[in-house]
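# Summary of the model geometry
Below, each chain spelled out in residue letters.
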Amino acid sequence: MRYVMMPQAVRNALPALINHTVSLFKNSSLAMAIGVSELTHAVREVENLSFRVFEAYTIATAIYLACSLVLMAIGAALQARAAQVGGR
Amino acid sequence: MITFENVNKKYGEYQALTDINAEVKRGEVVVVCGPSGSGKSTLIRTVNRLEEINSGAILFDGKNVHAPMSRRELNRLRSHVGFVFQSFNLFPHLSTIENITLSPIKINGVKREVAREKAMALLDRVGLAHKADAYPGQLSGGQQQRVAIARALAMEPPAMLFDEPTSALDPEMVGEVLAVMKSLAAEGMTMMCVTHEMGFARDVADRVWFMDTGSILEMADPETFFSAPEHPRAKRFLSDLRH
Amino acid sequence: MIGDIVIIIRDNWLLLLIGQYPNGPLGGLAATLILSVLSIALAFPVAMLIALARLSKSPFLLWPSTVLVYVARGVPLLMLIFWVYFVVPLIIGTRIPGFVTMLVTLVLYEGAFLSEIIRAGIVALGRGQMEAARSLGHSYMGAMAWVILPQALYNMIPSILSQFVSTIKDTTLGYVINVADLTFAANQVNNQLLTQPFQVFFILALIYFVICWSLTRAAIYLERRISNKRSGRGGQVPPAMSARALTAEP
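The structure presented is a predicted model; accordingly, all values stated were derived computationally and were not measured. (Residues numbered from 1 in each chain as written. Chains lettered and ligands numbered in written order. Predicted model: local features only at pLDDT ≥ 70, side-chain atom pairs only at ≥ 80, totals over all residues. Heavy atoms only, no water.)

Glancing now at the pattern of salt bridges. Any two side chains of opposite charge can pair, so long as their charged atoms come close to each other. In total, this model carries 16 salt bridges over all chains according to the counting rule given. Here R26(B) and D61(B) are joined by a salt bridge, their closest N and O atoms 3.0 Å apart. Remark: D61(B) occurs in the loop between β4 (55-60) and β5 (63-64) and R26(B) occurs in the loop between β2 (14-24) and β3 (29-33); sequence separation between them is 35 residues. What you see here is one network of salt bridges that share partners, running through K9(B), R45(B), E51(B), R127(C) and E131(C). (Salt bridge = Lys/Arg side-chain N within 4 Å of Asp/Glu carboxyl O. Helix = DSSP H or I, 4+ residues; strand = E, 2+ residues; numbered from the N terminus.)

Take the interface of chain C and chain A next. The interface is formed by 18 residues belonging to chain C together with 21 residues belonging to chain A. Overall, the association of chain C and chain A removes approximately 1800 Å² of surface from exposure, summing both partners, and the carbon and sulfur fraction of that is 76%. Among the residues chain C hides against chain A, the three largest losses belong to R73(C), M79(C) and W83(C). Together they make up 29% of the total. On the surface where chain C and chain A come into contact, there are 7 residue pairs in polar contact (both at pLDDT 80 or more). A per-element tally of the side of chain C that touches chain A places helix α4 (residues 77-92) of chain C first, with 7 residues. (Contact = heavy atoms within 4.5 Å. Buried area = accessible area lost by both parts, 1.4 Å probe. Polar contact = N/O pair within 3.5 Å; in protein donor to acceptor, adjacent residues only side chain to side chain.)

Let us now look at the interface of chain C and chain B. If you look at the interface, chain C gives 20 residues, while chain B gives 24 residues. Taken over both partners, the interface formed by chain C and chain B buries close to 2000 Å², and the fraction arising from carbon and sulfur atoms is 57%. Of the charged contacts in the structure, one is a salt bridge between R45(B) and E131(C), with a shortest N-O distance of 2.6 Å. At the boundary of chain C with chain B, the tally comes to 8 residue pairs in polar contact (both at pLDDT 80 or more). Among the secondary structure elements, those contributing two or more residues to the side of chain C that touches chain B are α6 (127-136), α7 (140-155) and α10 (197-231) of chain C. With 9 residues, α6(C) is the single largest residue contributor to the side of chain C that touches chain B. Class assignment for the residues of the side of chain C that touches chain B results in 6 nonpolar, 9 polar and 5 charged. (Nonpolar A, V, L, I, M, F, W, Y, C, P; charged D, E, K, R; others polar.)

Here we come to the packing of helix α2 (residues 28-55) of chain C against helix α3 (residues 59-74) of chain C. Residue and element names in this part refer to chain C. Running from amino to carboxyl end, α2 crosses α3 at an angle of 125°, the nearest separation of the two axes being 8 Å. When the interaxial angle is binned, α2 and α3 end up oblique. In this structure, α2 meets α3 at a crossing whose hand is left-handed. Judged by residue contacts, I50, A53 and R54 of α2 engage L61, L62, S65, T66, L68, V69 and Y70 from α3. (Axes fitted to C-alpha atoms, helices over the stretch in contact; angles between N-to-C directions. Parallel < 35°, antiparallel > 145°, perpendicular 65-115°, else oblique. Left-handed = near helix turned anticlockwise from the far one by under 90°.)

Let us look at a nonpolar patch on the surface. Residue and element names in this part refer to chain C. A cluster of nonpolar side chains, M1, I2, V6, F198, F202, L206, F209, V210 and W213, forms an exposed patch at the surface whose accessible area comes to about 970 Å². Looking at the nonpolar patch, the elements with two or more residues in it are α1 (2-18) and α10. Note that V6 resides in helix α1. (Patch = residues over 30% accessible without salt bridge, like charges linked within 9 Å, V, L, I, M, F, W, Y side chains within 5 Å. Areas by Shrake-Rupley, 256 points an atom, 1.4 Å probe, with all protein chains shown as cover.)

A separate point is the sheet that holds β5(B). All names here are of chain B. Sheet architecture is open: 4 strands sit in the order β2-β1-β4-β5, paired in antiparallel fashion. The sheet is open, and its two edges are formed by β2 and β5, each paired on a single side. Here β4 runs beside β5; their pairing, made up of 2 bridges, is antiparallel. The partner of F60 across the bridge, within β5, is K63. (Pairing = 2+ DSSP bridges.)

One finds I2(B), F4(B), M192(B) and W209(B) to be the most contacted residues of the largest nonpolar core, which totals 60 residues. In terms of residue count, α7(C) provides more of this core than any other element does, 8 residues in total. Ranked by size, the runner-up nonpolar core spans 49 residues in total, among them F88(B), V177(B), L178(B) and V180(B). (Core = buried A, V, L, I, M, F, W, Y, C linked by side-chain atoms within 4.5 Å. Buried < 20%, exposed > 50% of the residue type's maximum accessible area, 1.4 Å probe, protein only.)

Residues and elements named next belong to chain B. Across 7 bridges, strand β1 (residues 2-11) lies against β2 in antiparallel orientation. Bridge pairing in β2 places T3 opposite E23. The hairpin turn running from β1 into β2, its antiparallel successor, is 2 residues long, and G12 in that turn takes a positive phi close to 65°. The sheet contact formed by β1 and β4 spans 5 bridges and is antiparallel. Bridge pairing in β4 places I2 opposite F60.

Next up on the list: the sheet that holds strand β6 (residues 81-84) of chain B. The strands that make up a sheet are held in pairs by hydrogen bonds between backbone atoms, and each pair lies either parallel or antiparallel. All names here are of chain B. Strand order in the open sheet formed by 6 strands is β6-β7-β8-β3-β9-β10, and the pairing between neighbours is mixed. The sheet terminates laterally at β6 and β10 (215-220), the two strands that pair on one side only. In this sheet, neighbouring strand axes are inclined to one another by 15° on average, regardless of whether the strands run parallel or antiparallel. Alignment of strand β9 (residues 207-212) against β10, held across 5 bridges, turns out to be antiparallel. The partner of W209 across the bridge, within β10, is M219. Running over the sheet, helix α6 (residues 171-186) touches β3, β7 (159-163) and β8 (190-194) and is turned about 145° from β8.

All names here are of chain B. With 100% of its residues at a pLDDT of at least 70, chain B reaches an overall mean of 91. The element-level mean pLDDT for chain B is lowest in helix α9 (residues 232-242), coming to 84, with β7 highest at 95. Interface predicted TM-score (ipTM) for the complex: 0.89; the corresponding pTM is 0.83. (pLDDT = per-residue confidence, 0-100.)

Further remarks concern the packing of aromatic side chains. Residue and element names in this part refer to chain B. Scanning all chains against the criterion turns up 13 aromatic pairs over all chains. Where F210 meets F225, the ring centres are 6.2 Å apart and the plane angle is 35°; that geometry is what we call tilted. Linking F210 in strand β9 with F225 in helix α8 (residues 222-227), this pair joins segments that are 15 residues apart in sequence. Overall, the relative accessible area of 0% leaves F225 in the buried class. (Phe/Tyr/Trp six-rings, centres within 6.5 Å; stacked < 30°, edge-to-face > 60°.)

Glancing now at unusual backbone geometry. All names here are of chain B. Phi is positive for E156, which is not a glycine, with a value near 55°. Relative to the helices and strands, E156 is located in the loop between α5 (141-153) and β7. Backbone geometry at T213 places phi at a positive 40°, although glycine is not the residue there. Within the fold, T213 resides in the loop between β9 and β10.

Quick look at the structure:
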């Protein structure tokens, strides 16, 4: 199990795992529904205070995008390394 | 019918085809053989432009396949050449008869009933009329390839191209496919076959082209080629085959 | 506790089912289902267009579709909903009703994810099918329509249906922009009762679970039926997939 199946299993599961990691990161925004002051919530506060709707939301989108793209890039790099090692 | 004029092709830095000049006459059966990597598959795939070329011309029935042309013209040209793949490439989501009737119906506008009749006749000819409603997943390799040949014939092409049609088959099924190809040749079909089946070449081919590293090194009739090849690499290839 | 749940359902079933209609817009389960079905129905053709655009060679099609997909994958749905709800009216001048906002956002968001699934299905088929179709004389779109897409879409049915289930669940986010859907109705019931939040939200969860679970079962049934028709087997699960084969041996 440890030397034969798991390495291959992890390699195959990597794309799905990366996707889920990104989803997890994005779903943190849902915490605002119960009052957690995370990024989306903070942006709404900023928007309420400054009335700069467009800029505020653009900044938030940019931050989310940047983080997600970094996560996806790490995922792609991991997959490339795994593919090398796996030799398939 | 098929003429290669100074055809050259490169994959990046690698020269896949070098100065090919050859002709397949109407009604001729040409077998292209050679070691792997010699470019024979590439050559046959340039005939219906599945592969592009860097220079030269390939004339099919007088028209240059590689001239700039509209997509519609290219599609029409392709429908006049039958191509049989090594991996059959039947459409698994359609039944046997649907595989055969799809193209005449959608491309040539043939009516469904007429297409079905013709398809049944073709299936009969390749010996698979009883499998008309089966799906490719239920057929053996040899049966699938015979259906693939029938599918290509459904468009009534004046010429047929075969890219290693039996290389992916278990040995006991090679015979049934070769039998279909032989009957096609006997009816006067213009055929260009890339194959390792030397028996087929000896029995049916009008000419044999030997290729290695992208060039046609020898062109001869089967008698001459198999008994007294001229080019040293051809000699080596034939002696390797015998082992 | 079960008694509580039954009482809550008995007292509030109409509210949960259709919201405050006719005293307000159609809401509750009906609204959720309509929103889900509409989103899915519109997202599917949009997804096919995006998938084909991502596979095309023309930069005019390739770049916008790629950007759309990356934005959808990188930005939370909640954020996108706020974008469409607050920012787009500033750009075009009129306010958009919540339901339409949710619909548009869901179609684009789910469409982007669905397009990735469809694209994966197409790519997984390999070159052979397209080459065979083109060799017979089919145009690119003809080959797509008759050969590639039927196979790709069928092969990806589990993933596609799973995306539909996600869409149904994502409709609840309309709650933040006051779209009258099932979650909103459940919240109203909860605000009335105040002392039984667990029971109320348990009912909510149960309803969503039943809908999504039924969809998933339907998918499995559908897939097995088509698979048997294609391969002529009598309804057995392929041996490689049985869980038995993978459990530990003594």
